[in-house]
Every structure is written in C-alpha cells, then in structure tokens.
Amino acid sequence: DINYVRNSFRAPKFVNMDIRVAKNFVIGERTKIDAYFEMFNLFNDANPAAVQTTPGLTPAFGAVTQVLPGREGQAGLRITF
C-alpha cells in the first residue's frame, strides 16, 4: 500500500512566451488597415499537456504523456472602411 501526502508532488516545468506586434495605418478619412504578427510558444519549449496521474502504472506517476504544440505563428490584416 502506497501512502502519499497531499500536495507532495510537483508538475513538470511549463514555460510559455507569446508575442504580438501590431501596426495601424490610416488611409484617407474613413479607411484603416490593422496589421499584426503573433508568435505563440516563442522559445519552442515542450510544455506538458497531460501527466500520468495513476500511481503504479507505466509510464511512472508524474511523467509527461502528451506535450503541447511547438512554436506557432500567424499574421493578419483587417481593413475597416
């Protein structure tokens, strides 16, 4: 029989840095263009999405079983008139 003390385990590290760069352009009196570029998980760390939570199974308790996606980016334009 295994006895665990409440809150005695720590989750794996989770490092996340997102960045967004945006610029607004005014064209004429009523037209605007908003441009942006975004990056998610900028440092490309393998962040845990799921952790083994049942003691006594394989992989070991607390092991990472799934990770979140790596670095992703997107760019966009919005025209308002």
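Given the structure is predicted, the values throughout are model-derived calculations rather than measurements.

**Looking at the sheet that holds strand β1 (residues 19-27)**
Here comes step 1: Strand order across the open sheet formed by three strands is β1-β2-β5, with antiparallel pairing between neighbours. With partners counted over all chains shown, the strands left at the sheet margins are β1 and β5 (72-80), one partner each. Pairs of neighbouring strands in the sheet enclose a mean axial angle of 10 degrees, with direction left out of account.
Here comes step 2: By the bridge criterion, nine bridges tie β1 to strand β2 (residues 31-40) in an arrangement that is antiparallel. When the bridges of β2 are listed, Lys 23 appears paired with Ala 35.

**Notes on unusual backbone geometry**
Here comes step 1: The amide bond that connects Thr 58 to the next residue, Pro 59, takes the cis arrangement and shows omega of 0 degrees.
Here comes step 2: Mapped onto the elements, Pro 59 comes out in the loop between β3 (48-51) and β4 (64-67).
Here comes step 3: For Asn 41, which is not glycine, the phi dihedral falls at a positive 55 degrees.
Here comes step 4: Looking at the secondary structure, you find Asn 41 in the loop between β2 and β3.
Here comes step 5: Despite not being glycine, Asn 44 has its phi angle at roughly 60 degrees, a positive value.
Here comes step 6: Within the element layout of this structure, Asn 44 appears in the loop between β2 and β3.
Here comes step 7: Asn 44 gets classed as partly exposed once you look at its relative accessible area, which sits at 41%.

Quick notes on the rules
- Residues numbered from 1 in each chain as written.
- Predicted model: local features only at pLDDT ≥ 70, side-chain atom pairs only at ≥ 80, totals over all residues.
- Heavy atoms only, no water.
- Pairing = 2+ DSSP bridges.
- Helix = DSSP H or I, 4+ residues; strand = E, 2+ residues; numbered from the N terminus.
- Axes fitted to C-alpha atoms, helices over the stretch in contact; angles between N-to-C directions.
- Buried < 20%, exposed > 50% of the residue type's maximum accessible area, 1.4 Å probe, protein only.

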